[in-house]
Every structure is written in C-alpha cells, then in structure tokens.
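Listed below are the residues making up each chain.
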Amino acid sequence: MAALKLPSANRPLRDHTIAQPQAGDAMARVGSGEPLAREDACVLITATGSDVPQLMAAASKLRDRHHGRTVTYSRKVFIPLTNLCRDVCGYCTFVKQPDDAEAHSMTPEEVLAVARAARRAGCKEALFSLGDKPELKYGSHRHWLEERGYRTTIEYLRAMCELVYAETGLLPHVNPGVMTEEEVWSLREVSVSMGIMLESASTRLLRPGGPHHRCPDKVPDRRLAMVEAAGRAKAAFTTGILIGIGETPEERVDALFTIKALHERYGHIQEVIVQNFRAKPDIPMRDHPEPTLLDMLRTIAVARLILGGEMNIQAPPNLTPDAYQLYLFAGINDWGGVSPVTRDFINPEKPWPVITELGELSAGAGFELRERLALYPEYVRGKGYVPERFEQRIGELTDADGLVKREEERW
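Residues numbered from 1 in each chain as written. Predicted model: local features only at pLDDT ≥ 70, side-chain atom pairs only at ≥ 80, totals over all residues. Heavy atoms only, no water.

Looking at this model, I keep getting lost on the side chain of His 268. Mind explaining?
Relative to the helices and strands, His 268 resides in the loop between helix 9 (249–266) and strand 6 (269–276). Looking at His 268, the relative accessible area reads 0%, which means it is buried. Those residues in contact with His 268, other than ones at most four positions away along the chain, are Val 227, Ala 230, Gly 231, Ala 235, Ala 236, Phe 237, Leu 262, His 263, Tyr 379 and Tyr 385. (Helix = DSSP H or I, 4+ residues; strand = E, 2+ residues; numbered from the N terminus. Buried < 20%, exposed > 50% of the residue type's maximum accessible area, 1.4 Å probe, protein only. Contact = heavy atoms within 4.5 Å.)

This is the structure we're talking about:
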C-alpha cells in the first residue's frame, strides 16, 4: 500500500503577489456542483462580506441533502484515565507533570464509580481520554502500571474498556493518542470506535516556538499512520482539526484535504471535528489570540464543502457558548459528546450545555435533536464495523435508522 503523502506539509504560504481566485468565482463553481478545489477552498476560508452567508448557505444545503434537518449528539461520560503525557503542547491544560498535585491516573475502582454514575444518568458512551505514552517518560508511571500487572498504558486502557462494558454496558470510545498498528487492533476488539485529532498537517508547527515543539506524537506523519492503521482495522474513527494554534488558513485547508484522502481510501472516518483553540491562564499560549466566531463559521462551511454532504461534521458547543447555534447554519450535523455527569477535562472552564437547552436551540434553528451512540448510524448499519461483543447491546439501544431509540432518550 502506497504511503499517503501530506498535500503540503512544507508547501510555501500563498504568494499574494500572484493573482488569486476571487470568492465570487469560487462560489459560482460551488453552485455549479463542481468539487471544491484547494485554490477555491483557500479563498473561501477567508471570505468576507456577503460571501460569508453565501458560503454558509451552500454548506447547509449540501448538509441538508444528506442529513436532512436532524442534528445528533452522544450522551457520554468523560473518563480521563491518566493526565500524564510525554508531550508538552503549548495549548494543553489537561496534561500534568508527576509532581503536580493534580496529576492522577485513575484506579479501576475510580473508573467503575464514574461509569456506574454515568449509567444511572442514561449515558451510553464511555469516552476514555489520556495522555500519550507517559510510561516512556516517567518511571513513576511505569511503576504504577507494573504494580497492577500492565506493561503499557494502552494495555491498562484495554482492561478498563473491558471492565466498564462488562459492569455497566457503556460503549467505549478511546482517544489514547498515537498507537502502533498492533495497539489499534488490540483496542479495536474492546471499543466501538476510536479517534485522534489530526489537529494540523503542518510540520511548521513543530519548530521551536511552535505549539507542537518537543511533541513527538504531534508529528503529522505519525498521526496519519495511526489513522491509516485504523482504516486497515476497519475501526470507526473520529479525527479533526484544531484551529487558531498558529496555522494559516491554507494549512487548515490542507489538513481537511488530507482527512478527505484518508476517508476516500478506507471509508472509516465517521466524524470530523472542527475545534477552536481557547486560551487558558495556565498554558504557555495563554496570551495567544483565539479564533473568532467568523473563523469558525468559515472553517466549518469549507470543511463541509471539502468533505462532502455525507460526512458527519461537529463543532463543540461548549467552546462557543453564546453563539454555537450558528454552527448549524454553517453546515454541522452533530454536537459531539455531551456529558450530564462529568466536565470537559480538556476545556474544564467551559461547561457542557444542558441537553434540554441543546434541544431547544437546535429546534429554534429548525433541527430535531436526536441521540446517537459513539458509533454513528451509518456504521451501526454498515458491515464489519461493530465488534461481535457489542452487537447485542447496540441492537438493543438503536432503532432502524441506527439512532438511539426514542424511549432510551427519556433520560
């Protein structure tokens, strides 16, 4: 299998002295049904004035053609298995050093307590989130694992997935960072879906002073190799981009085209997230400017036009609490995971919206809110994506459309 090449990891930034396509011309080509070319996408992602509502309308129309007026979400519990990590991303507040009072790795008893509370609250998804390979950096964490009979954090994660499902019936979704192909196959057996944010396809962000400097697991090729491994394992997969961390608009476009190429090859990317950077007082990038709402709306709309009408595209509602309803008009069809039990440990200062509020705001924009599983409907119904151990449970929870049965949504 030929390796997938980044479209422009080292491509020079756009030369503004050369005549560029105009937004009106690009919109005309979109309106005629032509696939969105990179050059047009680079223009539209910086659109201004009346071109912006036209861009959003085109994205919404494409979304409606494939998803109708239904917007989905997953009722989940967030299980931060360990907040130790060998990377030092400039925008991360989740990761702690071993000597930090907030550094913590959850014991099986703690994991189960959270999972049982989530089951009582009607959650269906157990989202496991953790740092990348902390045992390779910290001897104390290696010792912690060894005391419990595990060599690696991934081995421990696998065991916790099995435990949570056996004891509560919650369906595991795993975000463990970069994995080898062997590790992907191992977790494929005990989770219904998995994911890793590509964040950016630009190697420029790895340079000194960049947000990914000294972050071995943020090398784009390594992350893409894992996405490909998941494709070979036929694992339903979530990825996405993080905007506002220092990338250019062109680099956002290149990341989206990279994701599209992976999905066209394997068909396993069930969801693409467009997430906005939020500054926090305890991170190196505390003074870095945040992307604007306009940045988000343009990026979401361009993502829809690049990735097509069938792709599930979501943007986190809690990161734009006063205006996330507008995301619907830019082309999303999903709100991601929302927890009635635990906070967003990646953005702890931003509480989840109340699910009834999410439903009301969606209805106000003309959409019906429906609950889904961690596994999207197309992959519930598709062949080969549901591991055998989860088939009965998923069948009990879902209707003929692959969504959570309405009686199960009464929680």
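Now that the structure has been shown, we can carry on.
Would you explain the packing of helix 1 (residues 23–31) against helix 3 (residues 51–67) in this entry?
Look at helix 1 against helix 3: their axes get within 11 Å of each other, and the N-to-C directions meet at 20 degrees. Relative to helix 3, the element helix 1 is oriented roughly parallel. Crossing angle aside, the handedness with which helix 1 passes helix 3 is left-handed. Residues Ala 23, Gly 24, Met 27 and Val 30 of helix 1 pack against Asp 51, Gln 54, Leu 55 and Ala 58 of helix 3. Of the residues belonging to the contact of helix 1 with helix 3, the class tally is 5 nonpolar, 2 polar and 1 charged. (Axes fitted to C-alpha atoms, helices over the stretch in contact; angles between N-to-C directions. Parallel < 35°, antiparallel > 145°, perpendicular 65-115°, else oblique. Left-handed = near helix turned anticlockwise from the far one by under 90°. Nonpolar A, V, L, I, M, F, W, Y, C, P; charged D, E, K, R; others polar.)

Would you mind going over a nonpolar patch on the surface with me for this structure?
Together, Leu 293, Leu 326 and Phe 329 make up a nonpolar patch on the protein surface, roughly 210 Å² of accessible area in all. Structurally, Leu 326 is set in helix 11 (residues 326–330). (Patch = residues over 30% accessible without salt bridge, like charges linked within 9 Å, V, L, I, M, F, W, Y side chains within 5 Å. Areas by Shrake-Rupley, 256 points an atom, 1.4 Å probe, with all protein chains shown as cover. Salt bridge = Lys/Arg side-chain N within 4 Å of Asp/Glu carboxyl O.)

What is the right way to read the nonpolar core from this model?
The nonpolar side chains of soluble globular proteins are, as a tendency, buried together. Ranked by size, the top nonpolar core spans 96 residues in total, and within it Phe 128 and Trp 335 carry the most contacts. Of the residues forming this core, the biggest block, 9 residues, is contributed by helix 10 (residues 293–307). The next biggest cluster of nonpolar side chains, apart from the first, holds 16 residues, and it includes Leu 171, Val 192, Tyr 379 and Val 404. (Core = buried A, V, L, I, M, F, W, Y, C linked by side-chain atoms within 4.5 Å.)

Function cannot be inferred from these measures alone, as they are strictly geometric.
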